Amino acid sequence: MSTEALRTPPDSPHGGPHTAGADAFGHVTGHGAGGPAPKRIVVGYGFWIFLLSDVIMFSAFFAAYAVLFKNTAGGPTAQQLFDLRNTAAETACLLASTFTCAMASLAVGERNQTWTQIALLATGLLGLAFITLEIREFASLISRGAGPSRSAFLSSFFTLVGCHGVHVTAGLLWLGTMMAQFYAKGFRQDIRHRFLCFSLFWHALDIIWVGIFSLVYLVGTLPQELLP
Amino acid sequence: MSNKHEFDAGSNVGVDRAPGAESAAGERTLGQEVRGYALGLALAVGLTAASFWVRGTTLVYGPGLALALLVLAVAQMGIHLIFFLHITTAPDNENNVLALAFGVLIVCLIVFGSLWVMEHLNHNMVPMQDLMQMQR
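Note that the structure is a prediction, hence the values are computed from the model and not measured.

## What to know about the overall build of chain A
And then number 1: Looking only at helices and strands, chain A has seven helices and zero strands in total.
And then number 2: The 228 residues of chain A split such that 50% are buried.
And then number 3: Within chain A, contacts between residues separated by at least 24 positions form 78% of all contacts whose residues are at least 6 apart in sequence.
And then number 4: Of the roughly 10,400 Å² of accessible surface on chain A, a fraction of 67% belongs to carbon and sulfur atoms.

Printed below as a string of structure tokens:
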């Protein structure tokens, strides 16, 4: 029997047994003939798993806030405390910084040092503006006697929003080191992998913030009778 | 530019893409990429504006406001996932989507489970004043 006879007829939608499951590009995915996935894919996937675990941690803080929301211990309520204009400004900063971060990743793809640095600087400044607004809000709350120790509601508020703020601060430090590494070492593959992780981290922080401004600030300040 | 090809040589071996991965070489031009992100930004800004507008309006049925805000938030999270993190339902994105689905499952269990359990606990608990009375 010749090997010719073992081959699938040419009109079959799939090739032979070795290309079964191959996609339109003729590549075999997984650990078959295509070989293991490139390192960039593995790095991104691993960091994606970390981000999901981070999101799960935040979901526990969201749950604590939702459960403790009405336990104000006779202290100030969300309606009395939160200024939605400040929240809108913070949201605008973070949303714009997510876009500039995406522009930075395009500049990195083009290996353009100038635009990479400009986009990353813009991302950093917008993130810094966000943190400044948040710290001002926290300081104003504490000065009005609404610190984290006032009530269970305020404890859960400061934990949730403060934890997000700490993440953004850590992201700013990471951003600074990325700028320095691109400047000093160029667009080396390992540094681009680090930057891929950073951009995933920064976009994920914006997703968390969407939950915070929608549920903590907008739903939280609804009149009492409209709350579920 | 030869440098670039050297770097990208390995990235087209498998066509699966990690979240946020750069696209395969030659797949999309820079202008298309920028337009894609701009569209994502426009949708996100639109949904954010809608959230703030819904919060201040009296046109929406009052008790439905919280649900409307939740739906807008979930929609915006979806926009971010698709346009910025590049999580799509393409067959080459299976691993990332499966991990995301598991994450969403755990998040829902934690949030709605906590609310459910605590609501029942509040409902069935002896009021604090009565508890103090009993201890005397």
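## Focus: the overall build of chain B
And then number 1: Regarding its fold elements, chain B presents five helices and zero strands.
And then number 2: Counting helices and strands in the order they occur from the N terminus, chain B gives α-α-α-α-α.
And then number 3: Within chain B, the fraction of its 136 residues that count as buried is 31%.
And then number 4: Contacts in chain B between residues at least 24 apart in sequence constitute 57% of all its contacts with a sequence separation of at least 6.
And then number 5: Looking at chain B as shown, the accessible area adds up to about 8,600 Å², and 68% of this sits on carbon and sulfur atoms.

## Remarks on the nonpolar core
And then number 1: Residues Trp48, Phe82, Phe157, Ile212 and Val216 of chain A are the most contacted members of the largest nonpolar core, which totals 75 residues.
And then number 2: Counting residues per element, this core draws most heavily on helix α7 (residues 189–219) of chain A, which supplies 20 residues.
And then number 3: The contact partners of Phe82 of chain A, leaving out residues within four places of it in the chain, are Tyr65, Glu137, Leu141, Phe153, Phe157, Val216, Tyr217 and Thr221 of chain A.
And then number 4: In terms of nonpolar packing, the next biggest core, distinct from the first, is built from five residues, Phe99 and Ala102 of chain A together with Tyr37 and Phe84 of chain B among them.

## Some points on the packing of aromatic side chains
Residues and elements named next belong to chain A.
And then number 1: Using the criterion set out here, one finds 22 aromatic pairs over all chains in the structure.
And then number 2: When the ring of Phe47 is compared with that of Phe50, the centres are 5.3 Å apart and the planes differ by 45°; the resulting orientation is tilted. Separated by three residues within a single helix, Phe47 and Phe50 lie in helix α2 (residues 39–68), roughly one turn from each other.
And then number 3: The class for Phe47 is buried, based on a relative accessible area of 14%.
And then number 4: Relative to Phe158, the ring of Phe157 has its centre 5.4 Å away and its plane inclined at 80°; by these criteria the two rings are edge-to-face.
And then number 5: Taken together, the aromatic side chains of Tyr65, Phe69, Phe82, Phe130, Phe138, Phe153, Phe157, Phe158, Trp209 and Tyr217 make up a single cluster linked through ring pairs.

## Quick notes on the environment of Leu128 of chain A
And then number 1: Structurally, Leu128 of chain A is set in helix α5 (residues 113–143).
And then number 2: Sequence spacing of Leu128 of chain A and Ser97 of chain A is 31 residues, and the spatial spacing of their C-alpha atoms is 9.9 Å.

## Regarding the interface of chain A and chain B
And then number 1: The interface of chain A with chain B comprises 55 residues on the first partner and 54 residues on the second.
And then number 2: For the pair chain A and chain B, the interface holds zero salt bridges.
And then number 3: Elements that contribute at least two residues to the side of chain A that touches chain B include exactly α2, α4 (84–109) and α7 of chain A.
And then number 4: The residue makeup of the side of chain A that touches chain B, split by class, is 33 nonpolar, 15 polar and seven charged.

## A closer look at the confidence of the model for chain B
Residues and elements named next belong to chain B.
And then number 1: Summarising the model, chain B shows a mean pLDDT of 80, and 76% of its residues fall at 70 or more.
And then number 2: Segment residues 1–15: pLDDT under 50, and 25 contacts once partners within four positions in sequence are set aside and those in other chains are kept.
And then number 3: Among the prediction metrics, the complex's ipTM stands at 0.80, with pTM recorded as 0.81.

## Notes on the side chain of Thr91 of chain A
And then number 1: By secondary structure assignment, the location of Thr91 of chain A is in helix α4.
And then number 2: The class of Thr91 of chain A is buried, set by a relative accessible area of 4%.
And then number 3: Those residues in contact with Thr91 of chain A that lie beyond four places of it in its chain are Trp209 and Phe213 of chain A together with Thr48 and Phe52 of chain B.

## So, unusual backbone geometry
And then number 1: Of note in this structure, Ala73 of chain A is not a glycine but carries a positive phi near 55°.
And then number 2: For Ala73 of chain A, the location among the structural elements is in the loop between α2 and α3 (78–81).
And then number 3: Even without being a glycine, His86 of chain B presents a positive backbone phi close to 60°.
And then number 4: Residue position: His86 of chain B is located in the loop between α3 (65–83) and α4 (94–124).
And then number 5: Judged by its relative accessible area of 14%, His86 of chain B falls in the buried class.

Calculation criteria
Residues numbered from 1 in each chain as written. Chains lettered and ligands numbered in written order. Predicted model: local features only at pLDDT ≥ 70, side-chain atom pairs only at ≥ 80, totals over all residues. Heavy atoms only, no water. Helix = DSSP H or I, 4+ residues; strand = E, 2+ residues; numbered from the N terminus. Buried < 20%, exposed > 50% of the residue type's maximum accessible area, 1.4 Å probe, protein only. Contact = heavy atoms within 4.5 Å. Areas by Shrake-Rupley, 256 points an atom, 1.4 Å probe, with all protein chains shown as cover. Core = buried A, V, L, I, M, F, W, Y, C linked by side-chain atoms within 4.5 Å. Phe/Tyr/Trp six-rings, centres within 6.5 Å; stacked < 30°, edge-to-face > 60°. Salt bridge = Lys/Arg side-chain N within 4 Å of Asp/Glu carboxyl O. Nonpolar A, V, L, I, M, F, W, Y, C, P; charged D, E, K, R; others polar. pLDDT = per-residue confidence, 0-100.

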